[in-house]
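As a plain string of letters, each chain reads:
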Amino acid sequence: MKKVLYIGFDDTDSLRGSCTTHLATLIIHEIFDQVSFLDFPNLIRLNPNIPYKTRGNGAVALRIEGEEKDLEYCKEIVIDKVKNLSEVDDENTNPGIAFVENIIPKEIIVHSQRAMWDVISIKEAEEFSSFSNVEIIKFKLGRGIIGALGAIGNPLKGDFTYEHLSYREPKKFGTKRLIDSDSIYSADKETPLTFNNIDYEYDSIMILPRGADPVFTGIRGETVEEVRKAYSLIKPLEKLPMQMVFRTNQHTNQHFSEKFSINELKPHISAIVDAEVTKEPRYIEGSHLIFSVSDSTGIIDCAAYEPTKRFRGQLSKLRIGDKITVFGGIRPAEKSHQMTINIERLKINELVKNNKLESPFCSNCNARLKSAGKNKGYKCPKCSTKFRELLPNVTEIPRELKLKDYLPPMIAQRHLTKPLVRKNRDNTSKQKQKIEINNILADLVKN
Ligand SMILES: [Zn+2]
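Residues numbered from 1 in each chain as written. Predicted model: local features only at pLDDT ≥ 70, side-chain atom pairs only at ≥ 80, totals over all residues. Heavy atoms only, no water.

Here we come to the overall build of the protein chain. For the protein chain, the helix and strand inventory stands at nine helices and 25 strands. C-alpha atoms of the protein chain, sized along the principal axes, occupy 100 × 50 × 40 Å. Within the protein chain, buried positions represent 53% of all 447 residues. Sequence separation of 24 or more characterises 72% of the internal contacts of the protein chain that already satisfy a separation of 6 or more. Split by element, the accessible area of the protein chain, about 21,100 Å² in all, is 51% carbon and sulfur. (Helix = DSSP H or I, 4+ residues; strand = E, 2+ residues; numbered from the N terminus. Buried < 20%, exposed > 50% of the residue type's maximum accessible area, 1.4 Å probe, protein only. Contact = heavy atoms within 4.5 Å. Areas by Shrake-Rupley, 256 points an atom, 1.4 Å probe, with all protein chains shown as cover.)

Right under this line is the structure:
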């Protein structure tokens, strides 16, 4: 009788190299002939604002079906690969694996939802091993079990995107990625359902990672066909032995699901806060932009840091009284600053009027009047007539901001940030059938 097995793993990589998706691709190559896949491999990005993470806090889940003995074989492969290929020498790499058989307990689904925005301890995640169909394996501190379970419990039932990843030959790791860059520009134009290939605003190619990791390209898009098409159109100048397509929560804003009042905020969560600007934006040392907002429960600083470039200029136009929704990560208080919302996105709900007050003109001689002192009206500097009751002229100067969403440029966005190009896109219930998934995976594994 066939059984279903969910496999999750996380925290296998380090800042120096390796990559959890690469490990997943190697595992898929080894087990593909033994089992069938219920889904593409899932790349699940979790709360990007937690302090313990390598590059993007991404975990992987595989959802497979097979005979008991084949599933046992798969478990062995996963354990072997995670044990031997993780960057365990790096003190910040603490891999974890989770296996769940047949039915995912609803407590793990709840854990996953929380893992999108909250900080969860290893101990809390470890408690799931009390379920009879859940198995947890820790290496070193085993922090990766938090993400491993988080990935398993997130079946991407709502909006999702795809990412096509290509991998380099090991001897090339750490060397410059060589590619015909014109081919990236034309692939971008020919595949309208891919996105974030190039940041045209800062003329920066986004599909090539910069680190020493095995990934050569990462192409993001709405459909598996479109990301594969874009990959077929680019011209790498080195041999790329492996590729894979992941279904992912990237670019869906999934980490912004919870609203908080200011007095409920705590370090490292990802939060949505409705508030009013109470202190005008100012630049501080390092060219970071800071302003304060408040609601009925308190006041907090908000920051747009230097790497967010023109985003700072836009937010610098906020004025006291503007009503906004802030989406961001909570930076804990330190000696140099109070607890601060690190803004990832800002929605403007209401703008105060920008009124310019000017002295009126003299009705006798047409000269511009001068104030005669507080509450004393005006006096003409030319003919000396006094106007005790006259009020200033009010001119409304249009605000430069609009009632809409503001995002940092692509180069400064998070993996989870839903870009403006996806504003009206949603792939909910556009999952593919099992047979088609296995055909596409077979094709990807072959080359
Ligand atoms: Zn006058």
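There's plenty left to go through after this.
Turning to the coordination of the zinc ion, a few remarks are in order. Around the zinc ion, the protein contributes the donor atoms Cys-362 (SG), Cys-365 (SG), Cys-380 (SG) and Cys-383 (SG), at 2.3 Å from the metal centre. Given four donor atoms and angles of 99 to 121 degrees at the metal, the environment of the zinc ion is assigned as tetrahedral. In this structure Cys-365 comes out as partly exposed when scored by relative accessible area, which is 25%. Using a relative accessible area of 1% as the deciding quantity, one classes Cys-380 as buried. (Donors = N, O, S within 2.8 Å, 3.2 Å for Na, K, Ca; no water. Tetrahedral: all angles 85-135°; square planar, octahedral: opposite > 155°, others 65-115°.)

A few words on the domain arrangement of the protein chain. One can read the domain layout of the protein chain as domain 1 (2-156 + 431-446), domain 2 (161-248), domain 3 (262-353 + 398-413) and domain 4 (358-396). Averaged C-alpha coordinates put domain 2 and domain 3 at centres separated by 33 Å. Taken residue by residue, the interface counts seven residues in domain 2 and six residues in domain 3. Together domain 2 and domain 3 conceal approximately 590 Å² of surface at their shared face, both sides included; 62% is due to carbon and sulfur atoms. Glu-201 is the partner of Arg-310 in a salt bridge, and the nearest nitrogen-oxygen pair spans 2.5 Å. In this assembly, domain 2 and domain 3 are joined by four residue pairs in polar contact (both at pLDDT 80 or more). Taken together, the residues of the side of domain 2 that touches domain 3 break down into three nonpolar, two polar and two charged. (Domains from an automatic or database assignment. Buried area = accessible area lost by both parts, 1.4 Å probe. Salt bridge = Lys/Arg side-chain N within 4 Å of Asp/Glu carboxyl O. Polar contact = N/O pair within 3.5 Å; in protein donor to acceptor, adjacent residues only side chain to side chain. Nonpolar A, V, L, I, M, F, W, Y, C, P; charged D, E, K, R; others polar.)

Our next topic: the packing of aromatic side chains. With the rule as written, the count across this model stands at seven aromatic pairs. Aromatic pair Phe-128 and Phe-131: ring centres 6.3 Å apart, planes at 15 degrees, arrangement stacked. According to the relative accessible area criterion, Phe-128 is buried, its value standing at 12%. When its relative accessible area of 27% is taken as the criterion, Phe-131 is described as partly exposed. Taking the ring centre of Phe-160 as reference, the NZ or CZ of Arg-247 above it sits at 4.5 Å. (Phe/Tyr/Trp six-rings, centres within 6.5 Å; stacked < 30°, edge-to-face > 60°. Lys NZ or Arg CZ within 6 Å of the ring centre and 35° of its normal.)

The biggest cluster of nonpolar side chains holds 81 residues, and the ones touching the most others in it are Phe-9 and Ile-64. With six residues, the top contributor of residues to this core is helix H5 (residues 144-152). When we break this core down by domain, the ones giving at least three residues each are domain 1 (2-156 + 431-446) and domain 2 (161-248). Sequence-distant contacts of Ile-64, that is, excluding residues within four places in its chain, are made with Lys-3, Val-4, Leu-5, Ile-7, Ile-31, Val-35, Ser-36, Phe-37, Leu-38, Leu-71 and Cys-74. Among the nonpolar cores identified, the runner-up in size contains 27 residues, and Val-273, Leu-315, Leu-318 and Ile-330 belong to it. (Core = buried A, V, L, I, M, F, W, Y, C linked by side-chain atoms within 4.5 Å.)

Here we take up the pairing of strand E4 (residues 58-67). Looking along a regular strand, one sees the side chains alternate between the two faces of the sheet. Extensive coverage of E4 is indicated by the burial of nine of its ten residues. Summarising the sheet, strand E2 (residues 36-37) and E4 pair through two bridges and their orientation is antiparallel. Paired with Phe-37 across the bridge in E4 is Ile-64. Two elements, strand E3 (residues 42-45) and E4, share four bridges in a ladder whose sense is antiparallel. Within E4, the residue paired with Leu-43 across the bridge is Val-60. (Pairing = 2+ DSSP bridges.)

Before going further, it helps to examine the pattern of salt bridges. Tallied over the entire structure, the rule returns 37 salt bridges. With a closest N to O distance of 2.7 Å, Lys-259 and Asp-274 form a salt bridge. Taken as a pair, Lys-259 in the loop between strand E14 (242-248) and strand E15 (270-284) and Asp-274 in strand E15 lie far apart in primary sequence, 15 residues in all. A salt bridge links Glu-358 to Lys-356; its shortest N-O distance comes to 3.6 Å. On the basis of relative accessible area, Glu-358 is assigned to the partly exposed category, the value being 28%. Overlapping salt bridges, with partners in common, bring together Lys-3, Glu-68, Glu-72, Lys-75, Glu-101 and Glu-135 in one network.

Here we come to the sheet that holds strand E22 (residues 378-379). Judged by pairing direction, the sheet is antiparallel, and its three strands sit side by side in the order E21-E22-E23 without closing on themselves. Strand pairing shows two members of the sheet lacking a second neighbour, strand E21 (370-371) and strand E23 (386-387), which therefore form its edges. Bridge count for E21 against E22 is two bridges, and the pairing is antiparallel. Pairing of Lys-370 across the sheet is with Lys-379, part of E22.

Tracing the backbone through its elements, the reader meets Ile-205 in strand E11 (residues 204-205). Once the C-alpha coordinates of Ile-205 and Ile-411 are considered, the two residues, 206 residues apart in sequence, prove to be 9.1 Å apart. With near-sequence residues (within four places) excluded, Ile-205 lies in contact with Ser-181, Ile-184, Tyr-185, Asn-197 and Arg-210.

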